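Residue-level structure breakdown
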Amino acid sequence: MNAFVRAAAPLVALALGGCVATSPNWEARFGEAARVTTAQQIISPEASQNSDPVAGVDGKAASEAMRGYAKSFSEPEPQPSLMTIGVGGGK
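These numbers were taken from a predicted model, which means no experiment stands behind them.

Calculation criteria
- Residues numbered from 1 in each chain as written.
- Predicted model: local features only at pLDDT ≥ 70, side-chain atom pairs only at ≥ 80, totals over all residues.
- Heavy atoms only, no water.
- Helix = DSSP H or I, 4+ residues; strand = E, 2+ residues; numbered from the N terminus.
- Buried < 20%, exposed > 50% of the residue type's maximum accessible area, 1.4 Å probe, protein only.
- Areas by Shrake-Rupley, 256 points an atom, 1.4 Å probe, with all protein chains shown as cover.
- Phe/Tyr/Trp six-rings, centres within 6.5 Å; stacked < 30°, edge-to-face > 60°.
- Salt bridge = Lys/Arg side-chain N within 4 Å of Asp/Glu carboxyl O.
- Patch = residues over 30% accessible without salt bridge, like charges linked within 9 Å, V, L, I, M, F, W, Y side chains within 5 Å.
- pLDDT = per-residue confidence, 0-100.

**A short note on the overall build of the protein**
On a plain count of helices and strands, the protein comes out with four helices and zero strands. Within the protein, the proportion of its 91 residues that are buried is 0%. Working note: accessible area of the protein is about 9000 Å², and carbon and sulfur atoms make up 64% of it.

Quick look at the structure:
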């Protein structure tokens, strides 16, 4: 019986060690680096409170620019012929 207790005691200690709550210590600062990086990428946090209109591009020009940008993904540019090897007829 005494040998059984000596052999079982370390196994019981290891099994109970798995029940210790360690995650609050590990997760205390989880995600902090991502939050700091995101905050550092904001140029002006008060920008949403600015009521002045944006000067520069009118609505029609901006709309056409966005339409052309979106169209560039659906219609690829024509590829040059492989036989020319960059000689003649550039853009």
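**Describing the packing of aromatic side chains**
Throughout the structure, instances matching the rule amount to one aromatic pair. Where Y69 meets F73, the ring centres are 5.1 Å apart and the plane angle is 85°; that geometry is what we call edge-to-face. Here F73 and Y69 lie together in helix α4 (residues 59-74), a separation of four residues that amounts to about one turn. The two residues Y69 and F73 agree in class, both being exposed.

**Observations concerning the pattern of salt bridges**
Summed over the entire model, instances satisfying the criterion amount to two salt bridges. A salt bridge links R29 to E32; its shortest N-O distance comes to 2.9 Å. Taking relative accessible area as the criterion, R29 reaches 62% and is therefore assigned exposed. For E32, a relative accessible area of 31% translates into the label partly exposed.

**So, a nonpolar patch on the surface**
A cluster of nonpolar residues, M1, F4 and V5, forms a patch on the protein surface that exposes about 390 Å² of accessible area. Note that M1 resides in the segment before α1 (2-17). Assessed through its relative accessible area of 79%, M1 is described here as exposed.

**As for the confidence of the model for the protein**
Confidence in the prediction for the protein averages 80 pLDDT; 84% of positions are at 70 or higher. Least confident of the elements in the protein is helix α2 (residues 23-26), whose mean pLDDT is 70; most confident is helix α3 (residues 32-40), at 93.

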